[in-house]
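Per-entry structural report
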Amino acid sequence: MSQHRHPGAPGRAGAVPALPDLPEATVARLPEYLRALHNLAETGHETVSSEGLANAAGVNSAKLRKDLSQLGSYGTRGVGYDVGLLIDQIEYVLGLTQRRAVALVGVGNLGHALAGYDGFASRGFRIAALLDADQERVGEEINGLVVQHIDELPRVAAEESIAIGVIATPAAAAQRVADQLVAVGVTSILNFAPCVLSVPEGVDVRKVDLAIELQILSFHEHRKASLTALPAAGGSALTALPGGLAVTESQEAIGT
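Residues numbered from 1 in each chain as written. Predicted model: local features only at pLDDT ≥ 70, side-chain atom pairs only at ≥ 80, totals over all residues. Heavy atoms only, no water.

Within an unreviewed UniProt entry, the label attached to the chain reads Redox-sensing transcriptional repressor Rex, and the organism entered is Verrucosispora sioxanthis. Under the Subcellular location (unreviewed entry) heading, UniProt states for the chain: "Cytoplasm". Quoted verbatim from the Sequence similarities (unreviewed entry) heading of the UniProt record, the comment on the chain is "Belongs to the transcriptional regulatory Rex family." (UniProt positions renumbered as here; feature names shortened; annotations may be inferred.)

In C-alpha cells form, the structure reads like this:
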C-alpha cells in the first residue's frame, strides 16, 4: 500500500527519460515478475513465453505483455522473453543494480523476525543497522548485527549511507521515528506500524498492515458464506446490517 508517491521529476523537452514513468500498479507487479524470473533461471530456463511467465507470476498474459512493453521489452515471436535479459531490465528499473542499505527501527517480535530474514540480501538489500529506544534491547545481537540506540541514528545513517528506513515499532512511536529518519536524509520508508505517517513531499512511504490484509480476507470469507446461504431458487436474500438496516444481495454487491 503506497501512502505517498514521489512527484515526477521535471524533464527537458525532447529528452529521453532515464527511467520510464510507470503506473503504480505496474511497479507493484514488477517484483512478482522478477521473483518468477529468478525461479525460472534457477531451474535452467533461458527463455519463457508470456503465458508461462504470467502463470508463474499470477497475472494474465495480456497485462504482463503491456507491463513489459513499457520497459521496452517485447520478446521474440515464437521464442518468448530472454530470462537473463529481462531480469537485468527489471532489476535496473527497480534500482536493484546496487545493494541498498536499510536501517530497521524497532526490534520487538516483528522487528526481530525481519532482522533475521535472509531474503533481503538475495534481492539487493542489506540490513545495515538495527535500532531501538528500549535500553534492554540495546546491545542484543541479531543475525550478526548489534542493536544500537535510536539516538545513534544520525551517525549510523551517515556511516552506512542508509537509503531506506523500516519502521517496526508500536504505532505510538512510529511518527516520531519517521521524523527522525527524514531528519537524517532518509526519503524511503517501509512502515509496519498500524498508523498513517505524515511525511514531507518527496518522501515515499509504503505501508504493510497485516491486520488490514486479514480483514480483507475476512470480508471475502463473509461474502462466500453469504452467497452459500442464498435461497436455492427465486427471491432475494436480505442481509441484516448494524443499525437495523437490511439490504438485498444485489444492493450489497453494488454498495447501494
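Past the structure itself, the notes keep going.
**Examining the pairing of strand β7 (residues 145–149)**
Of the strand pairs in this sheet, strand β5 (residues 125–132) and β7 are connected by three bridges, and their pairing is parallel. Residue pairing for β7: Leu130 is matched across the bridge by Val147. Taking the residues between adjacent antiparallel strands as the criterion, strand β6 (residues 141–142) and β7 are bridged by two residues, where Asn143 takes a positive phi near 55°. (Pairing = 2+ DSSP bridges. Helix = DSSP H or I, 4+ residues; strand = E, 2+ residues; numbered from the N terminus.)

**A closer look at the packing of helix α1 (residues 24–42) against helix α4 (residues 83–93)**
Where α1 contacts α4, the two axes come as close as 10 Å, and the packing angle between them is 145°. Read as a crossing pair, α1 and α4 show a hand that is left-handed. On α4, the residues touching Leu30, Tyr33, Leu34, Leu37, His38 and Ala41 of α1 are Val83, Leu86, Ile87, Ile90, Glu91 and Val93. Considered class by class, the residues forming the contact of α1 with α4 number 10 nonpolar, one polar and one charged. (Axes fitted to C-alpha atoms, helices over the stretch in contact; angles between N-to-C directions. Left-handed = near helix turned anticlockwise from the far one by under 90°. Contact = heavy atoms within 4.5 Å. Nonpolar A, V, L, I, M, F, W, Y, C, P; charged D, E, K, R; others polar.)

**Regarding the pattern of salt bridges**
In a structure, side chains of opposite charge can pair up when their charged atoms sit close to one another. Tallying each qualifying case throughout the model produces nine salt bridges. Across the salt bridge formed by Arg35 and Glu32, the nearest N and O atoms sit 3.3 Å from each other. Placement of both Arg35 and Glu32 in helix α1 is noted, with a separation of three residues, approximately one turn of the helix. Between Glu160 and Arg126 there is a salt bridge, and its shortest N-O distance comes to 3.2 Å. Pair noted here: Glu160 is in helix α7 (residues 153–160) and Arg126 is in strand β5, with a separation of 34 residues, a long-range link. With a relative accessible area of 32%, Arg126 lands in the partly exposed category. By sharing partners, the salt bridges in this structure join Glu152, Arg155 and Glu159 into a single network. (Salt bridge = Lys/Arg side-chain N within 4 Å of Asp/Glu carboxyl O. Buried < 20%, exposed > 50% of the residue type's maximum accessible area, 1.4 Å probe, protein only.)

**Some details on the UniProt feature "binding site: NAD(+)" (unreviewed entry) in the chain**
Under the UniProt annotation, "binding site: NAD(+)" (unreviewed entry) lies at Gly106, Val107, Gly108, Asn109, Leu110 and Gly111. The topology assignment puts Val107 in the loop between β4 (100–105) and α5 (109–115). Judged by its relative accessible area of 0%, Val107 is buried. Setting aside residues up to four positions removed in sequence, Val107 forms contacts with His112, Leu130, Leu131, Asp132, Arg137, Ile142 and Val147. Among the secondary structure elements, Gly108 is positioned in the loop between β4 and α5. On the accessibility criterion, Gly108 (25% relative accessible area) is partly exposed. Those residues within four positions of Gly108 in sequence are excluded, and the remaining contacts are Asp132 and Arg137.

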